[in-house]
Amino acid sequence: MNGDLRVAYRASPEGPRDIVLVSTWFLNCELVPELPSIRAWIEAMTSLGRLILFDQPGTGASDPLTSGAMPTLEQWADSITVVLDELGSREAVLVAIAGTIAPATLFAAAHPSRTTALVVLEGFADPVSGSTDGLTHEEIRDAFFAMWGTGEYEHLVNPDMPWNEEIRATWARFERLAASPRTVALMWPLVGEVDVRAVLPTIHVPTLVVQHSDNAIVTPDKGKYLGDHIPGAKYVELPGRNMYHIVEPWRESFQEIAKFLTGDQAEVADDRMLATVLFTDIVDSTHRASEMGDRDWHALLDAHDAVVRAQLARFRGREVSTSGDSFLAMFDGPQRAIRCAMAIRDAVHTLGIQVRAGLHTGECEVRGDDIGGIAVHIGARVSALAGPNDVLVSSTLRDLVIGSGLEFEDRGSHWLKGVPGEWRISAVV
């Protein structure tokens, strides 16, 4: 209980240390581990200790605030105490993201014996200012209020995060279940307008400040100020534009946290990642093989394989597997994947054969040298719809290459075997 308000929380299994992800309005502790964009970060953090999530009063699963009542900074900091007491935790690492630095610094300064360390990700001590995409801070704030519940704001402040309609929809639902628009507006002053500069010199716990170098909203000078004014703080600047270090790309930031807390460089397994998968195979291969005979057919296959591998190398694709006349490859860039498929299609014409190709972008499970997951199944089903010389893409992939100059022809909606829902398919012109 925080006063007469119940605070919702959840925690992973116990580990070598307790780690509290400090909350403002933007969490719903019931849904956080289920959000695809941050699931991998959550799992990585649990390798360092017991990860504790909680919802501030008025948000998520915690009790609502009295109508019209604005929470105080002390109340937010008290929520940390309440949750630690409930869990029987003597001390914890505090992880503060952007606007959560205010309650985190207040708690760290007031309760040094209960604060193992403080980790600040894109923090600011004074009212946030600056601009992004030509918008002032005030315009960003107003846009935030207008966008809340749509998911679009997450893309605005995290431009490096993988993005498509499915990701937007999951963030939109998450926002709606984290806080109402009225609650967000009510709490904004404690996030965007708070000034805790006077608190910084009173913090005497090990502190790490990690900052993205190209964040247009929380600019590097904000992070450097924290590093300069918290006694003994370590400041690390990493390339990137995202506000959140908990979404892709998060691994460099996580490794800094792990090294700071454990003294060792963490090995982060890329067991799940966003990738574009490409399937290709030779059209009418069975008939061609029977006409040519084994010797000539195998010679043609060798030539085909050499062409495919040359184009994969050219467009930074990774060969995953090959079987007979087909290839499965993966790419970290959707546009490169499409252009590679087109190059393969055009290059094999000199061999007197035709190929078909199918592509999709989604989260893949990495299993050693192999990959799996629903994204791979979708890519295979898209490829199965292709005809001679076709390069077909899913709607997800098409949305990711807007502005690339690539042109597409709509091939209608299709039910893909073993995949829920209808999928809009397009052919590269």
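This write-up is about the structure you can find in this document. (Residues numbered from 1 in each chain as written. Predicted model: local features only at pLDDT ≥ 70, side-chain atom pairs only at ≥ 80, totals over all residues. Heavy atoms only, no water.)

### Details of the pairing of strand β3 (residues 50-54)
For the record, the criterion: Only protein chains enter the area calculation, which uses a 1.4 Å probe; residues under 20% of their type maximum are buried, those over 50% are exposed, and those in between are partly exposed. Strands are runs of DSSP state E lasting at least 2 residues, helices are runs of H or I lasting at least 4, and numbering of each runs from the N terminus. Strands qualify as paired when DSSP identifies two bridges or more between them. By definition, the crossover connecting two strands over a helix is right-handed if that path, from the first strand to the second, turns clockwise as seen with the strands pointing away from the viewer.
With five of five residues buried, β3 lies mostly within the body of the structure. Burial along β3 is two-sided: the residues R50, I52 and F54 and L51 and L53 are all buried. As paired strands, strand β1 (residues 9-11) and β3 are joined by three bridges and run antiparallel to one another. Within β3, the residue paired with Y9 across the bridge is F54. Direction of pairing for strand β2 (residues 18-21) relative to β3: parallel, over a ladder of four bridges. Residue pairing for β3: D18 is matched across the bridge by R50. Note that the unit made of β2, helix α1 (residues 36-46) and β3 has a crossover that is right-handed.

### Let's talk about the packing of helix α11 (residues 294-314) against helix α12 (residues 334-347)
In helix packing, the relevant descriptors are the interaxial angle and the interaxial distance, both defined with respect to the helix axes. Worth spelling out the cut-off: The axes are straight lines fitted to the C-alpha atoms, using for helices just the contacting stretch, and the angles between their N-to-C directions are given from 0 to 180°. Just so you know how the angles are binned, under 35 degrees is roughly parallel, over 145 roughly antiparallel, 65 to 115 roughly perpendicular, and the rest oblique. By definition, any crossing whose near helix is turned counterclockwise from its far helix by less than a right angle is left-handed, and any crossing with a clockwise turn is right-handed. Working rule for contacts: check all heavy atoms of both residues, and any pair within 4.5 Å makes them a contact. Gly counts as polar in this scheme, as do all residues outside two lists: the nonpolar Ala, Val, Leu, Ile, Met, Phe, Trp, Tyr, Cys and Pro, and the charged Asp, Glu, Lys and Arg.
Contact geometry for α11 and α12: axes closest at 9 Å, N-to-C directions at 150°. By the angle between their axes, α11 is roughly antiparallel relative to α12. Considering the relative orientation of α11 and α12, their crossing is right-handed. Mapping the contact onto sequence places V307, V308, Q311, L312 and R314 in α11 and C340, A343, I344 and A347 in α12. A class-by-class count of the residues in the contact of α11 with α12 yields seven nonpolar, one polar and one charged.

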